[in-house]
Amino acid sequence: MVASLSIAASAEASSRGNQAVTKQATKATVVRKPVAQKARSAQRKASGGREARLAGGAKARQRNQAIVRVVAPARPSYGKLAGLHEMQDPLDLRSSVALIVDQDTREVLFSKNDHAVLPIASITKLMTGLIISESKLPMDEPVTITAEDVDTEKGSTSRLAVGSTLTRGELMHLALMSSENRAASALGRTYPGGSGVFVQRMNERARSLGMQDTRFVEPTGLSSRNQSSASDLAVLVATAYQDAVLRDLSTSPGREVTVGHRTLQFNNTNRLVKNPEWEIGLQKTGYISEAGQCLVMQAKISGRKLIMVFLDSAGKLSRLGDAERVRRWVETNRPVTSAPARNPVQQG
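Treat the numbers as computed from the prediction; the structure is a model and nothing was measured. (Residues numbered from 1 in each chain as written. Predicted model: local features only at pLDDT ≥ 70, side-chain atom pairs only at ≥ 80, totals over all residues. Heavy atoms only, no water.)

Here we take up the overall build of the protein chain. Per the secondary structure count, the protein chain includes 10 helices and 13 strands. Across the 348 residues that make up the protein chain, the buried fraction comes to 49%. Excluding contacts between residues fewer than 6 apart, the proportion of contacts in the protein chain whose partners are at least 24 apart in sequence is 68%. A total accessible area of about 16800 Å² is found for the protein chain, and carbon and sulfur atoms account for 50% of it. (Helix = DSSP H or I, 4+ residues; strand = E, 2+ residues; numbered from the N terminus. Buried < 20%, exposed > 50% of the residue type's maximum accessible area, 1.4 Å probe, protein only. Contact = heavy atoms within 4.5 Å. Areas by Shrake-Rupley, 256 points an atom, 1.4 Å probe, with all protein chains shown as cover.)

With that settled, consider the sheet that holds strand 4 (residues 108-112). With antiparallel pairing, the five strands of this open sheet are ordered in space as 4-3-13-12-11. The open sheet terminates on both sides in strands that have one partner only, identified here as strand 4 and strand 11 (280-288). Going from strand to strand, the sheet's axes swing by 10° on average, the running direction of each strand aside. In this sheet, strand 12 (residues 292-301) lies alongside strand 11 in antiparallel orientation, the contact comprising eight bridges. Opposite Ile288, over in strand 12, you have Gly292 as the bridge partner. (Pairing = 2+ DSSP bridges. Axes fitted to C-alpha atoms, helices over the stretch in contact; angles between N-to-C directions.)

All right, on to the pairing of strand 10 (residues 262-267) then. Consecutive residues of a regular strand have side chains that alternate between opposite faces of the sheet. Where strand 9 (residues 254-259) and strand 10 come together, six bridges link them in antiparallel fashion. Bridging from a neighbouring strand, Val259 pairs with Arg262 of strand 10. Taking the residues between adjacent antiparallel strands as the criterion, strand 9 and strand 10 are bridged by two residues, where Gly260 takes a positive phi near 65°.

Right, let's talk about the pairing of strand 11 for a bit. The buried fraction of strand 11 amounts to eight of the nine residues, a majority that puts the element mostly inside the structure. Counted along the chain from strand 11 to the antiparallel partner strand 12, the turn is three residues long.

A positive phi angle, close to 50°, is found at Asn113, a residue other than glycine. Tracing the chain through its elements places Asn113 in the loop between strand 4 and strand 5 (118-119). The residue Ala121 is not glycine, and still its phi comes out positive at about 50°.

What follows deals with the nonpolar core. Ranked by internal contacts, the top residues of the largest apolar core, which has 61 residues, are Leu126, Met127, Leu160, Leu171, Leu174, Leu233 and Val309. Per element, the largest residue contribution to this core is nine residues, and it comes from helix 8 (residues 230-241). Contact partners of Leu160, with chain neighbours within four places excluded, come to Ile145, Leu166, Leu171, Leu174, Glu180, Arg182, Ala183, Val259 and Phe266. (Core = buried A, V, L, I, M, F, W, Y, C linked by side-chain atoms within 4.5 Å.)

Between side chains of opposite charge, pairing is possible as soon as their charged atoms come close. For the structure on display, the rule yields 15 salt bridges. Here Glu204 ties to Arg201 by a salt bridge, and the two come within 3.9 Å at their closest N and O atoms. Taken together, the positions of Glu204 and Arg201, both in helix 7 (residues 195-208) and three residues apart, correspond to about one turn of that helix. Since its relative accessible area comes to 32%, Glu204 is described here as partly exposed. Residue Glu277 is joined to Arg327 by a salt bridge in which the shortest nitrogen-to-oxygen separation is 3.0 Å. With a gap of 50 residues between them, Glu277 in the loop between strand 10 and strand 11 and Arg327 in helix 10 (residues 318-333) connect regions that are remote in the sequence. Using a relative accessible area of 54% as the deciding quantity, one classes Glu277 as exposed. Arg327 sits in the buried class, given a relative accessible area of 8%. (Salt bridge = Lys/Arg side-chain N within 4 Å of Asp/Glu carboxyl O.)

Another point: the packing of aromatic side chains. The tally for this structure, following the rule as stated, stands at two aromatic pairs. Pairing Phe110 with Trp329 gives two aromatic rings, centres 5.9 Å apart and planes at 75°, and the pair type is edge-to-face. Linking Phe110 in strand 4 with Trp329 in helix 10, this pair joins segments that are 219 residues apart in sequence. Each member of the pair, Phe110 together with Trp329, is buried. Between the aromatic rings of Tyr191 and Phe198, the centroid separation amounts to 5.2 Å while the plane-to-plane angle is 70°, which identifies the pairing as edge-to-face. Each of the two residues, Tyr191 as well as Phe198, counts as buried. The ring of Phe266 has Arg159 lying over it, and the distance from NZ or CZ to the ring centre is 4.2 Å. Positioned over the ring face of Tyr241 is Arg247, at 5.1 Å from the centre of the ring. (Phe/Tyr/Trp six-rings, centres within 6.5 Å; stacked < 30°, edge-to-face > 60°. Lys NZ or Arg CZ within 6 Å of the ring centre and 35° of its normal.)

Relative to the assigned elements, Ser95 resides in strand 3 (residues 95-102). A distance of 3.4 Å separates a polar atom in the side chain of Ser95 from a polar atom in the side chain of Ser313. Of note is the side chain of Ser95, whose polar atom sits 2.5 Å from the side chain of Asp322. Excluding its chain neighbours within four sequence positions, the residues that come into contact with Ser95 are Lys112, Phe310, Leu311, Asp312, Ser313 and Asp322. (Polar contact = N/O pair within 3.5 Å; in protein donor to acceptor, adjacent residues only side chain to side chain.)

The terminal C-alpha atoms of helix 7 lie 20 Å apart, and with 14 residues this matches the ideal 20 Å at 1.5 Å per residue to within 8%. Restricting attention to buried positions, one finds in helix 7 the residues Phe198, Val199, Met202, Asn203, Arg205 and Ala206. For helix 7, the angular spread of the buried residues around the axis is 160°, confining them to a single face. In helix 7, the exposed positions that point more than 90 degrees away from the buried face belong to Gly196 and Arg207. On its buried face, helix 7 is in contact with helix 4 (124-135), helix 6 (181-189) and helix 8. Phi turns positive one or two residues past the end of helix 7, at Gly210, with a value near 80°. (Expected span 1.5 Å × (residues − 1). Arc of directions from axis to C-beta.)

Here it is in structure tokens:
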């Protein structure tokens, strides 16, 4: 575990250094080169207004060409900084971390860097939903979005304006299905005792499940300090799958909600839930730059209930591509089992 934690720590330090480089690049957004050529006044007089206009146009083009724009490089994920993407695997996955477990037998079918501790982005919301569901708070209770729910971590936007009022059940639906950050924040903020107590409860629940590599600091996943391993997340998926509410809300393809005088349509962030080739029992997506593209699912493939974890995938659709590669692999090869995970999939 110490070695795993050092991956995230060293990656965070490298990320800070990279941010400094990015700031320097941003300061150098526009660089102008001096324009050397000047038109002679005698030539202007001889050529008349037409040539003067041409000269002026040429000069303007020179100025435009002299502008050098420096594009700040994309911030690499912690997994990238730690070199996890350099590890090759038989399935040629784009995710640097992957784990496939048979839910019933607890057998590991495939693993790749499954003990690495990395930011998990909005996979966090699966624990947020679990805590809310287990709290037995009234799902029809109105909850209002406040300024406290606005994202100051990443500056992300939301269609839930400050002052919008929805039921707790609607907020949980949007958090799990559409990964709505303000919805998740409001769920934690209105928990008895407030956000601090809610985060404490998240960590206590993780420890009760034996999730030794997991730590939460807030309920949305916007913070890169929300971290876990694939082995721990397989345990979380197995536990969340037992909750019928979480299964239903996370796999819902879409939902209309009325906010004030408007009706808003929200859709699932995982397009596989609408794919008839997939039988998905529970799912959650996630993304921040430090975490890369993430996906956890429970799905039935070739008659087997499988728990699938993909972290730090490179490319917007690559996590879904990895899931498709695994599905074809299972259907074609009926893979033999490998060594058991350090944290076996448990229920509770």
